[in-house]
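# A look at the structure
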Amino acid sequence: MKAIIQRVLSASVTVDKEVVSSIGKGILVFAAVAPNDTEKEMNAIAAKVTKMRLWDDENGAKVRSASSRTCTLGSDKMQWKESVKDIGGEILCVSQFTLLARTKKGTKPDFHGAANPEDAKRLYDHFVGAVRKEYESDRVKDGVFQAMMEVALVNDGPVTLELQAGEKIE
């Protein structure tokens, strides 16, 4: 499984011009299921999503980039100590098989790295259920599996992380 998580001030999913889910401050999760994934991978990513410390405490935060330059988001000390659960935020999960596209050859993405739709739906539903189990069910929203969705978001930071579980994904 591969997931991209983004810290957001708000996010929503619209299908056929109707908003089907929306959240305020929290995490937007784009999730993709790979062919050999199991419930174990879904549970592992669900736990990380709910426990990942992405928010600073009352003192602010400072992030050090890979190039050793510093990006200040508050005070002089790294203070990311709070998870979405700690801040009482919300979580919006969106299925996105395109995260598993292979793009090494040519200019046409190859989606053979994604699970077949039946297995993907079963495991994605398990993932959303696992997130709800890890947190408060009413604070976890969902998109519409296999629908053409319009996803709107207001990034907070921006903070975007990639999470993986299971076999190495190319």
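Refer to the structure above for everything that follows.
What you are looking at is a predicted structure, and each value in this text was computed from that prediction instead of being measured.

## Comments concerning the overall build of the chain
When its secondary structure is counted, the chain shows three helices and ten strands. Going from N to C terminus, the chain has its helices and strands arranged as β-β-β-α-β-β-β-β-α-β-α-β-β. Counting all 170 residues of the chain, 42% fall into the buried class. Residue pairs in contact within the chain that sit at least 24 positions apart in sequence constitute 74% of those at least 6 positions apart. Counting only carbon and sulfur atoms, one obtains 48% of the accessible surface of the chain, whose full area is about 9800 Å².

## With respect to the pairing of strand S1 (residues 2-15)
Counting buried positions along S1 gives twelve out of 14 residues, so the element sits mostly inside the fold. The pairing of S1 with strand S3 (residues 26-32) spans seven bridges and is classified as antiparallel. Within S3, the residue paired with Arg7 across the bridge is Ile27. Sheet topology places S1 next to strand S10 (residues 150-164); twelve bridges connect them, and they run antiparallel. From the neighbouring strand, Ala11 faces S10, where its bridge partner is Leu153. Between S1 and strand S2 (residues 18-23), which follow one another and run antiparallel, lie two residues, and Asp16 among them has a positive phi close to 50 degrees.

## Quick word on the pattern of salt bridges
Applying the stated rule across the entire model yields five salt bridges. Residue Glu90 is joined to Lys141 by a salt bridge in which the shortest nitrogen-to-oxygen separation is 3.8 Å. With a gap of 51 residues between them, Glu90 in strand S8 (residues 90-95) and Lys141 in strand S9 (residues 140-142) connect regions that are remote in the sequence. Judged by relative accessible area, Lys141 falls into the partly exposed class, the value being 26%. Lys121 is paired through a salt bridge with Asp125; the nearest N and O atoms lie 2.9 Å apart. Highlighted residues: Lys121 and Asp125, both in helix H3 (residues 117-134), separated by four residues, approximately one helical turn.

## Some words on unusual backbone geometry
Peptide bonds are, in most cases, trans, and in most cases residues other than glycine have a negative phi. Residue Pro158 is reached from Gly157 by a cis peptide bond, and omega for that bond is 0 degrees. If you trace the backbone, Pro158 turns up in strand S10. One non-glycine residue, Asp16, lies in positive phi territory at about 50 degrees. Counting through the fold element by element, Asp16 comes out in the loop between S1 and S2. You will see that Gln146, though not glycine, has its phi angle at about 65 degrees, which is positive. Overall, Gln146 belongs to the exposed group, its relative accessible area being 61%.

Conventions and cut-offs
Residues numbered from 1 in each chain as written. Predicted model: local features only at pLDDT ≥ 70, side-chain atom pairs only at ≥ 80, totals over all residues. Heavy atoms only, no water. Helix = DSSP H or I, 4+ residues; strand = E, 2+ residues; numbered from the N terminus. Buried < 20%, exposed > 50% of the residue type's maximum accessible area, 1.4 Å probe, protein only. Contact = heavy atoms within 4.5 Å. Areas by Shrake-Rupley, 256 points an atom, 1.4 Å probe, with all protein chains shown as cover. Pairing = 2+ DSSP bridges. Salt bridge = Lys/Arg side-chain N within 4 Å of Asp/Glu carboxyl O.

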